[in-house]
Amino acid sequence: MKTVFVTVGTTSFDELIENVTSSEAAQALKSRGYERLVLQVGRGSVLPDPESCPHIRLEAFRFKASIAEDMKQADLVISHAGAGSCLEALSAGKPLLVVVNDKLMDNHQLELARQLHMDSHLLYCTCSNLMETLRTMDLSVLQPFLPGQPKIFANFLDKALGVL
Amino acid sequence: MAFFIGAVAAVLLICLLFIIRLYIVVKTGSNHKPGSKGPVAALVVAGSGGHTTEILRLMESLSAAYTPRHYVIADTDRMSEEKICTFESSKQHSDSESQFTIIRIPRSREVHQSWSSSVLSTLSALCYSLPLVFRLRPDMVLCNGPGTCVPLCVAGLLLGILGMKKVLIVYVESICRVETLSLTGKILYLISDYFFVQWSSLRDKYPKSIFLGRIV
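Cut-off values and rules
- Throughout, residues of each chain are indexed from 1 in the direction in which the sequence is written.
- Chain A is the first chain written and ligand 1 is the first ligand written, with later ones labelled in order.
- Side-chain atom pairs in this predicted model are given and counted only at pLDDT of 80 or more, local residue features only at pLDDT of at least 70, and totals for whole chains, interfaces and linings cover all residues.
- Working from all heavy atoms in the structure, the side-chain values ignore hydrogens and water.
- Whether a residue is buried, partly exposed or exposed follows from its accessible area with a 1.4 Å probe, protein chains only, as a fraction of its type maximum: under 20%, in between, or over 50%, in that order.
- A run of H or I in DSSP counts as a helix once it spans at least four residues, and a run of E counts as a strand once it spans at least two, with each numbered from the N terminus.
- Regarding the arc, it is the one traced by the directions from the helix axis to the C-beta atoms.
- In what follows, residue pairs with any heavy atoms lying within 4.5 Å of each other are defined as contacts.
- In this description, strands pair whenever DSSP reports at least two bridges between them.
- The salt bridge definition used is simple: a Lys or Arg side-chain nitrogen within 4 Å of an Asp or Glu carboxyl oxygen.

Trainee: Lay out helix 2 (residues 23-31) of chain A with the relevant residues and their values.
Mentor: All names here are of chain A. Looking only at helix 2, the buried set comprises Ala25, Ala26, Ala28 and Leu29. Each buried residue of helix 2 sits inside an arc of 160 degrees when the element is viewed along its axis, so together they form one side. Those residues of helix 2 that are buried are in contact with strand 1 (3-7), helix 1 (14-20), strand 2 (36-40), strand 4 (76-79) and helix 6 (130-136). Glycine 33 sits one or two positions beyond helix 2 and adopts a positive phi of about 95 degrees.

If you want it as structure tokens, here you go:
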């Protein structure tokens, strides 16, 4: 069953949760072949009832010790712009749509999402154009995300510190 | 009167010596090779959340030559201790000499804390950091951004200025920082011996930094 996993990390992002569970969004996802929608709502005030969405199979929870399994099962990840969430989705090799919360004041987190978008690793939108994005997005343009290389750091440090 | 002039002259002389020592310590970091004399004792600063995740990714790649490893976490941080213990127990140790400790100190500054109270809490953190670093005498301090690392790095610097031990300051800016440095980064850019950034736009803005691409 093709699955969409929505994550807001440790934040609250009610606008995204409400938008993505609307009938318009559910229909857009359904028309793309997605049949299951899993929501991780964090500290949000909205925790949708599985019965509340007739068009698509819905599951929702606040937090888990690890969302690695949810990431693994997803065919599409829709995430807030948090670095941890983005990197986790990309490291799992999943197509990623980042929804920017333009109500947040301090948005230095956007730097990373913006750069990853420029490098074609993720798609990008706000809540106001989420519907349009879900209808028209082309996931095939996304480039694979290669993991970071801590060994390069280790080799450099060993040489610099004279480690034999 | 003469005593007063003498005292002022003595204070000025001490300040001048301090500044000269500071300059020497900061400039000669790259000549110092603790690894050639044996294991490299590391003081590793674990900040909350993503900071700890990133620092453990870096630690994963370091060989058993980096021992003992002293992890310092903020007293209000609940999750880092567990992550560190899980990480350390998963490392394969071929020799029993490899060891680690976990130490808690007061947090320098909470997120969104006001600047005026930050000065006080940073000074309080310094009172913990100085005796700690003086006792541990690490060869290097490895950190990546939380405010907690500033007093620890300053303590390390002081150890060098007083001629007691050269403590290398190794700073790795978070992968989240693409266009701008964190506040901690801006402060430590001036005194670190090795300052890593993970995006080329920062390397262009901060010429003293080292760019090796994404390393976490």
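Trainee: Go over the sheet that holds strand 2 (residues 69-74) of chain B with me, naming the residues and quoting the values.
Mentor: All names here are of chain B. The seven strands lie next to each other as 3-2-1-4-5-6-7, forming an open sheet whose pairing is parallel. Looking at which strands have only one partner, the edges of the open sheet turn out to be strand 3 (100-105) and strand 7 (210-211). When strand 6 (residues 194-197) meets strand 7, the two strands line up parallel, connected through two bridges. What sits directly across from phenylalanine 196, in strand 7, is isoleucine 210.

Trainee: Any chance you could break down the pattern of salt bridges for me, citing the residues and the numbers?
Mentor: Counted according to the given criterion, the structure contains eleven salt bridges over all chains. The residue Arg36(A) makes a salt bridge to Glu59(A) at a minimum N-O spacing of 2.8 Å. Separated by 23 residues along the polypeptide, Arg36(A) in strand 2 and Glu59(A) in strand 3 (residues 57-61) bring together distant segments of the chain. Taking the relative accessible area as the measure of exposure, Arg36(A) reaches 11% and is therefore buried. A salt bridge links Asp139(B) to Lys165(B); the shortest N-O distance between them is 3.0 Å. Residue Asp139(B) is located in the loop between helix 4 (115-136) and strand 4 (140-143), and its partner Lys165(B) is located in the loop between helix 5 (149-161) and strand 5 (168-172); the two are separated by 26 residues in the primary sequence. Classification of Lys165(B) as partly exposed rests on a relative accessible area of 24%.

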